[in-house]
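Geometric and topological summary
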Amino acid sequence: MENVKEISTKPETIKDNRFLAWVERTGNKLPHPFLLFVYLAVGVMLISAIFNYLGVNTYNPKTAEATPIKSLLSGEGIAYMFTNFVKNFVNFPPLGTIITVMLGIGLAERVGLLSTLLTQTVAKAPRHLLTFCVFLAGICGSIASDANYLILIPLVAMVFHSVGRNPLAGAAAAYAAAGAGFDASLFVTVGDALFAGIATDAARIIDPDAYVSAVDNYYFVASSVFVLAIVGTLVIDKIVEPRLNKLHPLSTMVKEKPTADINMTKEEKVGLKRVVLFTLGYMVFVAALVLPETSSLRNEEGGLIPSPFLKSLVPFMFFYFLGIGITYGKAVGKISKVEDIPALMAESVKTLATTLVLFLAIAQFIAYFKWTGIGNLVAYEGAQFLQSAGVDGYLLIIGFILIACICNIFMTSGSAQFALFAPIFIPMLMQLNIEPAFTLAMFRIGDSVTNIISPMSPYFSVALVYMQSYKPDLRIGTLMATMLPLAIGFLVFWTAFLLLWTGLGLDVGPGVSMYIN
């Protein structure tokens, strides 16, 4: 890992592809995401003052009543910024959610449970289903966050090599699964909670009571896992690996053929069995709380959509991952005393430090955008423009996804990009009766598919380094050519899947369709 920076910045690797060089130069000119939102917040201050001076009006989205844009540089605005600075940050919806979820998932990761599951899923997969299992594990492995890349790419390359397949193709499959399929999963992840919080805050520019839950895209993203796994398998087996076998045959690999026999220890086997038992018991416990018609977790009509239960998924997730983390940790010896539990939880939160710093700036930007009335103005005028241009339905979906995937090449932080998109597009599309959660579903596609072809992604260099351990003369251009068919395949088929899903009138999540009910 210490060689990543050295290898990825050599001049000769940049010359391999002029387009890549241009992307890298352009991306490097972008400020750090924290500074970007600081500049945006300052921009809102200046624009609000100018609009206020010119007498520009904003519009109530429900009544179309005109009210003046409020200036942040007025006496009232300055008082608002200082008196609400801490409040804006503390009340930022994703803040408490992501910390709570990460405390649970982070414990399961620290004791080694998630890495064991990833390793066993891939290493023990039948040969004829190997590629498909890699994509299933990699796409769902986003629950392990960054560890997914660091565990899966070298592991899959080694497994491919051990069964006589091209390890470069294995590394490409793992990188595509973890990167291009990042926003799809069979499990509710930290990203789901994070995006839901940002979407909720943006939707409240229009509707103060709006709420987007972490499962509002679940039906679509869970189904997407199998679509992407099939597409990825076909692209790797039919396009990528045959091409690599011609250009970089197995006989030219510098590493000796390893064995893929990755056995679990006795303690790990016991730990996984106990995790299964805990999971079954937890499911029975949740069912006992929710299934009775008189349950307080149901709504007033006795239903579950919407209900207090759906709004309580974050604590349910927290206690589940806390439980399996403790169960597995005790079995493998990572937790020997009660005091180890809070210590491991504290270690997991350290990984959120950068995100929390970013949230400080994002929270102020969105709050200013909302308070001044600029958010309503952009939503109203933007919706009027889209209506006059006839942009709706399928054309809207395709256009939004393309914008998101192009921007993702230059801004690979999903949270930063969605924090920029959400306060603009969610209120705007709500004026066209588009559900905030559906806008998030469209964003997920654009935020994922181009991750694997962006040199701005830190894992682009990581994938290159792992591939170079088998083929030292491999360059950025080769990596791009290898990943491009996968990115295009995911973009085309994932977008088509959303169009089909919408055309069939299916909900993307519990009670959530394309249009606001």
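Structure shown above.
Scope of this entry: the structure provided in the associated data block. Given the structure is predicted, the values throughout are model-derived calculations rather than measurements. (Residues numbered from 1 in each chain as written. Predicted model: local features only at pLDDT ≥ 70, side-chain atom pairs only at ≥ 80, totals over all residues. Heavy atoms only, no water.)

1. Focus on the overall build of the chain
The cut-off we apply is this: Counting from the N terminus, the helices are DSSP H or I runs at least four residues long and the strands are E runs at least two residues long. Each radius of gyration is computed over the set of C-alpha atoms, and the globule rule expresses the reference value as 2.2 Å times the number of residues to the power 0.38. Each residue is assigned to one of three classes by its accessible area relative to the maximum for its type, calculated with a 1.4 Å probe on protein chains only: buried under 20%, partly exposed between the two thresholds, exposed over 50%. Residues count as neighbours in contact if any of their non-hydrogen atoms are within 4.5 Å of one another. Only the protein chains shown count as cover for residues, and all accessible areas are computed by the Shrake-Rupley method using a 1.4 Å probe.
When helices and strands are tallied, the chain shows 23 helices and two strands. The C-alpha atoms of the chain give a radius of gyration of 24 Å, which matches the 24 Å a tight globule of 517 residues would have. Principal-axis analysis of the C-alpha atoms places the extent of the chain at approximately 70 × 60 × 45 Å. Counting across all 517 residues of the chain, residues that qualify as buried make up 55%. Across the chain, every contact between residues at least 6 apart in sequence was considered, and the portion connecting residues at least 24 apart equals 80%. For the chain, the accessible surface area stands at approximately 22,500 Å², while carbon and sulfur atoms represent 65% of it.

2. Details of the packing of aromatic side chains
Test applied: Aromatic pairing here means that ring centres of Phe, Tyr or Trp (its six-membered ring) are within 6.5 Å. Orientation follows from the plane angle: under 30 degrees is stacked, over 60 is edge-to-face, and everything else is tilted.
All chains considered together, the criterion is met by 25 aromatic pairs. Relative to Y320, the ring of F278 lies with its centre 6.2 Å away and its plane at 35°, an arrangement referred to as tilted. Remark: Y320 occurs in helix α15 (residues 313–332) and F278 occurs in helix α14 (residues 266–290); sequence separation between them is 42 residues. Since its relative accessible area comes to 26%, F278 is described here as partly exposed. Judged by centre distance (5.2 Å) and plane angle (85°), the ring pair of F400 and F425 falls under edge-to-face.

3. Quick look at the layout of surface pockets
Here the idea is plain: a probe the size of a water molecule rolls over the atoms and shows the empty space left. The condition is simple: Using a grid of 1 Å spacing that covers the protein atoms alone, one calls a set of points a cavity when a 1.4 Å probe fits there but cannot get out, and a pocket when the set is open and has protein on both sides within 12 Å along at least five of seven lines; lining residues are those with an atom within 4 Å of a point. Grid points are joined across faces, edges and corners, and a volume is the space filled by probe spheres set on the points. Throughout, the ten residues Ala, Val, Leu, Ile, Met, Phe, Trp, Tyr, Cys and Pro are labelled nonpolar, Asp, Glu, Lys and Arg are labelled charged, and all others, Gly among them, are labelled polar.
Considered as a void within the structure, the second largest pocket measures approximately 1,200 Å³ in volume. With seven residues, α14 is the largest single contributor of residues to the lining of the second largest pocket. Looking at side-chain class alone, the lining of the second largest pocket contains 32 nonpolar, three polar and no charged residues.

4. With respect to α15
What counts here: Here the expected length of a helix is defined as 1.5 Å per residue gap, with one fewer gap than residues.
Compared with the 28 Å implied by 1.5 Å per residue over 20 residues, the 28 Å span of α15 between its first and last C-alpha is a close match. Burial runs high along α15: 15 of the 20 residues are buried. In the stretch just after α15, G333 is the one whose phi turns positive, near 90°.

5. Details of empty space enclosed by the protein
Overall, the coordinates contain one cavity of 30 Å³ or more when judged by the stated rule. Lining of the largest cavity is provided by S142, F182, D183, A184, S185, T189, G191, D192 and R444. The class makeup of the residues in the lining of the largest cavity is two nonpolar, four polar and three charged.

6. Considering the environment of G303
Mapped onto the secondary structure, G303 falls in the loop between α14 and α15. Counting along the chain gives twelve residues from G303 to L291, while the straight-line C-alpha distance between them is 9.9 Å.

7. Notes on a nonpolar patch on the surface
Quick note on the threshold: For patch building, the residue pool is restricted to those with more than 30% relative accessible area and no salt bridge; the joining distance is 9 Å between like charges and 5 Å between nonpolar side chains (Val, Leu, Ile, Met, Phe, Trp, Tyr). Each salt bridge in this description consists of a side-chain nitrogen of Lys or Arg and a carboxyl oxygen of Asp or Glu lying within 4 Å of one another.
The grouping of L35, V38, Y39, V42, L46 and L73 at the surface amounts to a nonpolar patch, some 500 Å² of accessible area in total. Mapping L73 onto the fold places it in the loop between β2 (66–68) and α5 (75–83).

8. Regarding the nonpolar core
Applicable threshold: By nonpolar core we mean a set of buried residues, namely Ala, Val, Leu, Ile, Met, Phe, Trp, Tyr and Cys, connected to one another through side-chain atoms within 4.5 Å.
Ranked by internal contacts, the top residues of the largest apolar core, which has 175 residues, are F135, Y175, F220, F418, I452, M483 and L486. The element contributing the most residues to this core is helix α23 (residues 476–503), with 13 residues. Filtering out sequence-adjacent residues up to four positions away, F220 remains in contact with A441, I445, W494, F497, L498, W501 and V508.

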